[in-house]
Amino acid sequence: MATVHFRSLSAGIGFLFERKLFHCMLGSAIPIERRWPSPWVSQGAWLGVCACWILLAGCKTTAPVHVWQPPQLAAEPAGVAFMGISGPDEWTEPIEEALLADQPSRWRLIAAEQLESPSNIRLVSGFEEEPNDVAVSAVARREGLRYLLHGEILQATGHEDRDDKISLSWRLTGLQPDAESAGMPVSVDEALISQQYPHLLNIPDAAERTRRAVVLETKRLLTASVDRQQVALASPRLSPGSRAIRRGNELARSGNWPAAEQRWQQVLESHPRSAAALINASIAAAARQDFTVAKERVTEAVRWSAFSPMNKSLAEETLFWIEMRQRDYHNAFDLPPPPEGWLISRGD
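Residues numbered from 1 in each chain as written. Predicted model: local features only at pLDDT ≥ 70, side-chain atom pairs only at ≥ 80, totals over all residues. Heavy atoms only, no water.

(A) Local environment of a negative patch on the surface. Taken together, the side chains of Asp 89, Glu 90, Glu 93 and Glu 97 define an acidic patch exposed on the protein surface. Mapped onto the elements of the fold, Glu 93 is located in helix 3 (residues 89-101). (Patch = residues over 30% accessible without salt bridge, like charges linked within 9 Å, V, L, I, M, F, W, Y side chains within 5 Å. Areas by Shrake-Rupley, 256 points an atom, 1.4 Å probe, with all protein chains shown as cover. Salt bridge = Lys/Arg side-chain N within 4 Å of Asp/Glu carboxyl O. Lys, Arg positive; Asp, Glu negative; His and termini not counted. Charge placed at Lys NZ, Arg CZ, Asp CG, Glu CD. Helix = DSSP H or I, 4+ residues; strand = E, 2+ residues; numbered from the N terminus.)

(B) Expanded view of the packing of aromatic side chains. Scanning all chains against the criterion turns up 6 aromatic pairs. On the basis of an interplanar angle of 50 degrees and a centroid distance of 5.7 Å, the ring pair of Phe 291 and Tyr 329 is categorised as tilted. Placement of Phe 291 in helix 11 (residues 291-304) and of Tyr 329 in helix 12 (residues 309-332) is noted, with a sequence separation of 38 residues between them. Given the relative accessible area of 6%, Phe 291 is considered buried. An aromatic cluster is defined as three or more aromatic residues linked by ring pairs; in this entry it consists of Trp 68, Phe 291, Tyr 329 and Phe 333. (Phe/Tyr/Trp six-rings, centres within 6.5 Å; stacked < 30°, edge-to-face > 60°. Buried < 20%, exposed > 50% of the residue type's maximum accessible area, 1.4 Å probe, protein only.)

(C) Here's a closer look at the nonpolar core. Grouped together as the largest cluster of nonpolar side chains are 34 residues, with contacts concentrated most on Val 65, Leu 233, Ala 252, Trp 257, Trp 264, Trp 321 and Ile 322. Put simply, the parts of the chain that give this core at least two residues each are strand 1 (59-69), strand 7 (225-235), helix 8 (242-253), helix 9 (257-270), helix 10 (275-287), helix 11 and helix 12. No other element matches the 10 residues that helix 10 contributes to this core. Residue contacts for Trp 321: discarding those within four places in its chain leaves Val 65, Val 67, Gln 229, Val 231, Ile 283 and Ala 286. (Core = buried A, V, L, I, M, F, W, Y, C linked by side-chain atoms within 4.5 Å. Contact = heavy atoms within 4.5 Å.)

(D) Representation of the pairing of strand 2 (residues 79-86). In terms of residue burial, strand 2 counts as a mostly covered element, since 8 of its 8 residues are buried. Each parallel crossover has a hand, and for strand 2 linked through helix 3 to strand 3 (residues 108-111) it is right-handed. (Right-handed = clockwise from strand over helix to strand, strands pointing away.)

(E) Structural detail: the environment of Pro 64. With respect to the element layout, Pro 64 can be found in strand 1. With relative accessibility at 14%, the residue Pro 64 sits in the buried group. Taking the C-alpha atoms as reference points, Pro 64 and Gln 229, 165 residues apart in sequence, are found 5.5 Å from one another. Not counting chain neighbours up to four residues away, the residues in contact with Pro 64 comprise Arg 228, Gln 229, Gln 230, Ala 252, Arg 253 and Trp 257.

(F) Representation of the pattern of salt bridges in the model. Under the criterion given, the structure shown has 16 salt bridges. When the shortest N-O distance is used, the salt bridge between Lys 219 and Asp 102 registers 2.9 Å. Of the two residues, Lys 219 is situated in helix 7 (residues 206-222) and Asp 102 in the loop between helix 3 and strand 3; the sequence distance between them amounts to 117 residues. Among the ionic pairs, Glu 323 bridges to Lys 295, the shortest N-O distance being 3.6 Å. On the criterion of sequence distance, the pair formed by Glu 323 in helix 12 and Lys 295 in helix 11 is long-range, its members being 28 residues apart. On the basis of relative accessibility, which here comes to 3%, the residue Lys 295 falls in the buried class.

(G) Looking closely at a nonpolar patch on the surface. Together, Phe 320, Leu 343 and Ile 344 make up an exposed nonpolar region whose accessible area comes to about 280 Å². Relative to the elements of secondary structure, Ile 344 occurs in the segment after helix 12.

(H) Structural context of the packing of helix 8 against helix 9. In contact at an axis separation of 7 Å, helix 8 and helix 9 are set at 170 degrees when each is read in the N-to-C sense. When the axis of helix 8 is compared with that of helix 9, the two are roughly antiparallel. Contact residues: Ala 244, Ile 245, Arg 247, Gly 248, Asn 249, Leu 251 and Ala 252 in helix 8; Trp 257, Ala 259, Ala 260, Arg 263, Trp 264 and Val 267 in helix 9. Class assignment of the residues belonging to the contact of helix 8 with helix 9 gives a composition of 9 nonpolar, 2 polar and 2 charged. (Axes fitted to C-alpha atoms, helices over the stretch in contact; angles between N-to-C directions. Parallel < 35°, antiparallel > 145°, perpendicular 65-115°, else oblique. Nonpolar A, V, L, I, M, F, W, Y, C, P; charged D, E, K, R; others polar.)

(I) Molecular detail of the side chain of Thr 318. Counting through the fold element by element, Thr 318 comes out in helix 12. For Thr 318, a relative accessible area of 4% puts it in the buried group. Polar side-chain contacts of Thr 318 include one of 2.7 Å to the backbone oxygen of Leu 314. Those residues in contact with Thr 318, other than ones at most four positions away along the chain, are Ile 279, Ser 282, Ile 283 and Val 298. (Polar contact = N/O pair within 3.5 Å; in protein donor to acceptor, adjacent residues only side chain to side chain.)

(J) Summary view of the environment of Glu 300. When you line up the elements, Glu 300 lands in helix 11. A sequence separation of 15 residues divides Glu 300 from Ala 315, and the C-alpha atoms of the two residues are 9.0 Å apart. Polar side-chain contacts of Glu 300 include one of 2.9 Å to the side chain of Arg 303.

Written as structure tokens, this is what we have:
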């Protein structure tokens, strides 16, 4: 098969741009739009063009960002009769004590034994040391409480030759007609601790790390919480301001989002059409809960990345990510829809 050869890489790039060929993809051939002596560019030519395209457009990197998440259980904060946790004492007692000492925000947990005389509550219990749901429910209703909360450990390991892991099932039982019952399991292991609670890695005892993580995960069921996520950032190589953009990426990866945003803003002052800087600056605005500015910036990034498929795809993904995080934020604090409305997702 005949091929088209170029004297230099720049000549090949010029040829493609003149012919409006903006679909250079690694692993795919480059079609020639008009009739030429051959319908294919030589393998070396298109590989070189693709390599140059990637250098110009850059690639992606990731950075951790903390965002608000709504409660995982759809229940209004209220008074709760805490029935305790069924399972091995070495796991249940520290978790129970921690939840009662540092309760979820806006919730009021009362140990079942404190509602009335333990002998009365346990009178019809099947186990001597466990309060009975029926007896506690009657007392809790008289006290104006809306729920019973009971946990059960399904799996707990603490062997030295393996990572600690605990699986715990929570059941929230409504006591009033308008209080819906709900339930959800909580599973914690070293991988989750590393991702969501890296500060707990400083605790040398693995079992203690796991118990503290269980308490934090349980609170996420009942109240708004901060979630640690990895977000994609644009990382250009040869475009204007690329070095400053990548420096901002390093700051974001270290958790210094204000300084990173300042770097990207400086790039935009000199290169206001930099899609990469706009994408990253939009994420920085979302990280400080300024979602209106975040969506304005990423919408501009979509507009200015029309001829850069990589940046365009990342900008569109970022716009969706920002709006989903804005929805989570509004749901977490029971806020109305934003004045500008929802751009890409449906719902009230």
